Amino acid sequence: MDRRPTSPSSIETHFVDIHEILPKEKEGAMEDKAEKPPKRPNKFRDMKRPSGRSFSRQVSLETGFSVLNRESKAKDERRVLRSGKSFGGFGANNTNQVTRDGRKGDFSIFMTKSSLTKQNSLLPSRKETGLDSQKNDGPGHDDDSVPAGRYFAALRGPELDEVKESEDILLPKDELWPFLLRFPIGSFGICLGLSSQAVLWRALATSPATKFLHVSPFINLALWFLALAVLLSVSFIYVLKCLYYFEAVKREYFHPVRVNFFFAPWVVCMFLALSLPSILAPKTLHPAICCIFMGPYFFLELKIYGQWLSGGKRRLCKVANPSSHLSVVGNFVGAMLAAKVGWGEAAKFLWAVGFAHYLVVFVTLYQRLPTSEALPKELHPVYSMFIAAPSAASIAWDIVYGDFDGLSRTCYFIALFLFVSLLVRINFFRGFRFSVAWWSYTFPLTTVSVASIKYAEHVPSVLCKGLAVSLSFMSSTMVSVLLVSTFLHAFVWRTLFPNDLAIAITKRKHSRDKKPFKKAYDIRRWTKQSPLSLVSAITKNHSADKDSDDQEMELAGH
């Protein structure tokens, strides 16, 4: 081997010519062979040859082998093992073990982008971990909205909060996640239950139909302050989640069930305005209260109703579920509040919008739910949401038009029938574990109780009064039991907020190393072509073959 002279600038790095020295006869033969033109130019061989892997004639003795070792390690790291349960974070190869750099789960993929950039120096780069293919499933890139159909495919139950066993998730299942990641938007259901109870007990204390009960107005005052305190606490925690884990909040917004709970805070605020104790309440509420509470609700429903109307991946027939009633009920509550502040026409407008969309949602849900599988028992309480909208429509009509007439009674009777139809199926509501979804019972049942009180005012009979008192007692008992259970699970047993697996699903289902059936795909693509394009493609291929034959003839002539 010949050692080439090195320049003074490269004293420390020695280069070696590793090219094999050929004898002179072989060199002459090789030169003659190189002068002869090839019989047929092979363009495809040059195109397929990767340029990144071509060796130079000079290799550094000190750095060459380290580079090769680093490339081989990177290849091994790209082979990610998946257990079918959890990725355990982007930096993990095993879901049940700590990652190589000492971290357990890469929860930063759901953090707000501004706070994530501050931690980039502490995180390994994607190029080093070799997981570029997986980062597209996380929420850290531009198009990070999960399709609505993906939630129905990967999750189960009308609340869509349980991951199917065949699905992968982005975070570890066997590790306790940060509290803010585990805190769902559905927690505002607790505020809905308590604020609606404040409305109920104000009606019991002021209605002439229940005057014989002699209900103290201080119960309404205590419930109002309790509901306000819970609302402020839940709102503060969720604002923190928006600040630190905004990517997780976006996942909840694209969730077809949880997007409806983004209406809940504004409905709670309107309930608190309607149930304001007489000790604190002025004679008439200021119209600014209606604008502050109903404004965000109205703009949010413009976005959601527009998706229902325009079609696409989030059209109503694809995303409808019992929680969709939450996006309708607020219109009736807003109509009550608008009537209280003296805006009669605005109240009629909101009632009309709510009733139109309630009919569409009711018919869509009554025909068929999006999930065709058998529903698990612990998630049946959400069906009580069917009662809320017609009950609220009945009360709103009475407040807006000042009469509990035929239309108002029709809505009330619809709600009463739906309540009885759920009551006879009591087995659906027994024998399941506690969860925050239980609060779905309280808000609709409280609404139908208030509607029963309004009906008893216009039809003063023992039966109507007894029905109103019975429903009110049932609703209050349920809220009391749930409040105690929630307190125990939250502060004593600490099991109220488990890992929120629904927000950690992947954007697409990962195939289990199965190659697609190429022949079937080609046949399908061939049948989709029009006859004209098919003829043009055949003609183009024929002309290309003819040109290649002419080139061969010219080369042979030379």
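Just above sits the structure.
Residues numbered from 1 in each chain as written. Predicted model: local features only at pLDDT ≥ 70, side-chain atom pairs only at ≥ 80, totals over all residues. Heavy atoms only, no water.

Chemist: Give a description of the overall build of the chain that names residues and reports values.
Modeler: The secondary structure content of the chain amounts to 22 helices and four strands. Considering the chain as a whole, with its 558 residues, one finds that 43% of them fall into the buried category. Of the contacts formed within the chain by residues at least 6 apart in sequence, a portion of 79% connects residues at least 24 apart. Looking at the chain as shown, the accessible area adds up to about 32100 Å², and 61% of this sits on carbon and sulfur atoms. (Helix = DSSP H or I, 4+ residues; strand = E, 2+ residues; numbered from the N terminus. Buried < 20%, exposed > 50% of the residue type's maximum accessible area, 1.4 Å probe, protein only. Contact = heavy atoms within 4.5 Å. Areas by Shrake-Rupley, 256 points an atom, 1.4 Å probe, with all protein chains shown as cover.)

Chemist: I'd like a description of the pattern of salt bridges, backed by residues and values.
Modeler: Opposite charge on two side chains allows them to pair when their charged atoms are near. The full count for this structure, using the stated rule, is eight salt bridges. The salt bridge partner of Glu-167 is Arg-150, with a shortest N-O separation of 2.6 Å. With Glu-167 in the loop between β4 (162-163) and α8 (179-182) and Arg-150 in helix α7 (residues 148-154), this residue pair connects regions lying 17 residues apart in the sequence. Taking the relative accessible area as the measure of exposure, Glu-167 reaches 4% and is therefore buried. Salt-bridge contacts for Glu-252 lead to Lys-241; the nearest nitrogen and oxygen are separated by 3.3 Å. Here the residue Glu-252 occupies a position in helix α11 (residues 246-254), and Lys-241 occupies one in helix α10 (residues 217-244), the gap between them amounting to 11 residues. Pair check on accessibility: Glu-252 and Lys-241 agree, each one buried. Among the ionic contacts, a cluster of salt bridges with common partners joins Lys-241, Glu-252, Arg-258 and Asp-500. (Salt bridge = Lys/Arg side-chain N within 4 Å of Asp/Glu carboxyl O.)

Chemist: Residues and numbers for the environment of Phe-261, please.
Modeler: Here Phe-261 shows up in the loop between α11 and α12 (264-274). Here Phe-261 falls in the buried class, since its relative accessible area comes to 9%. For Phe-261 and Ile-185, which are 76 residues apart along the polypeptide, the C-alpha to C-alpha distance reads 6.3 Å. Contact partners of Phe-261, with chain neighbours within four places excluded, come to Ile-185, Gly-186, Ser-323 and Leu-326.

Chemist: How would you summarise the nonpolar core if you had to cite specific residues and measurements?
Modeler: Here is a general trend for soluble globular proteins: nonpolar side chains tend to be buried in one another's company. Phe-188, Leu-192, Phe-332 and Phe-443 are the most contacted members of the largest nonpolar core, which totals 105 residues. Filtering out sequence-adjacent residues up to four positions away, Phe-332 remains in contact with Trp-351, Gly-354, Phe-355, Ala-389, Ala-392, Ala-393 and Ala-396. With 25 residues, the next largest nonpolar core counts Phe-110, Ala-154, Trp-177 and Leu-501 among its residues. (Core = buried A, V, L, I, M, F, W, Y, C linked by side-chain atoms within 4.5 Å.)

Chemist: I'd love a proper account of the packing of helix α9 (residues 188-206) against helix α20 (residues 462-492), names of residues and values included.
Modeler: Where α9 meets α20, the axes come as close as 11 Å, and the angle between the chain directions of the two elements is 145°. Note that α9 runs across α20; the crossing there is left-handed. Of the residues in α20, those in contact with Ile-190, Leu-194, Gln-197, Leu-200, Trp-201 and Leu-204 of α9 are Ser-472, Ser-475, Ser-476, Val-479, Leu-483 and Thr-486. A per-class count over the contact of α9 with α20 returns seven nonpolar, five polar and no charged. (Axes fitted to C-alpha atoms, helices over the stretch in contact; angles between N-to-C directions. Left-handed = near helix turned anticlockwise from the far one by under 90°. Nonpolar A, V, L, I, M, F, W, Y, C, P; charged D, E, K, R; others polar.)

Chemist: Explain a nonpolar patch on the surface to me, and be specific about the residues and the numbers.
Modeler: Taken together, the side chains of Phe-218, Phe-225, Ile-279 and Leu-280 define a hydrophobic patch exposed on the protein surface, amounting to about 430 Å² of accessible area. Of the residues examined, Ile-279 reaches a relative accessible area of 55% and is grouped as exposed. (Patch = residues over 30% accessible without salt bridge, like charges linked within 9 Å, V, L, I, M, F, W, Y side chains within 5 Å.)

Chemist: Any chance you could break down the packing of helix α16 (residues 344-367) against helix α17 (residues 385-401) for me, citing the residues and the numbers?
Modeler: Two measures define how a pair of helices packs: the angle their axes make with one another and the distance between the axes. α17 packs onto α16 with a crossing angle of 160° between their chain directions and a minimal axis gap of 11 Å. In terms of orientation, α16 lies roughly antiparallel with respect to α17. α17 is crossed by α16, and the crossing has left-handed handedness. Of α17, the residues touching α16 (which contributes Ala-347, Lys-348, Trp-351, Tyr-358, Phe-362 and Leu-365) are Phe-386, Ala-389, Pro-390, Ala-393, Ala-396, Trp-397, Val-400 and Tyr-401. In terms of residue class, the contact of α16 with α17 is built from 13 nonpolar, no polar and one charged. (Parallel < 35°, antiparallel > 145°, perpendicular 65-115°, else oblique.)

Chemist: So what's going on with the packing of aromatic side chains? Residues and values would help.
Modeler: If you walk through the whole model with that rule in mind, you get 26 aromatic pairs. An angle of 25° between the planes, with centres 5.1 Å apart, marks the rings of Tyr-412 and Tyr-455 as stacked. In this pair, Tyr-412 is assigned in helix α18 (residues 406-423) and Tyr-455 in helix α19 (residues 442-458), connecting sequence segments 43 residues apart. Grouping residues by exposure puts Tyr-412 and Tyr-455 together as buried. (Phe/Tyr/Trp six-rings, centres within 6.5 Å; stacked < 30°, edge-to-face > 60°.)

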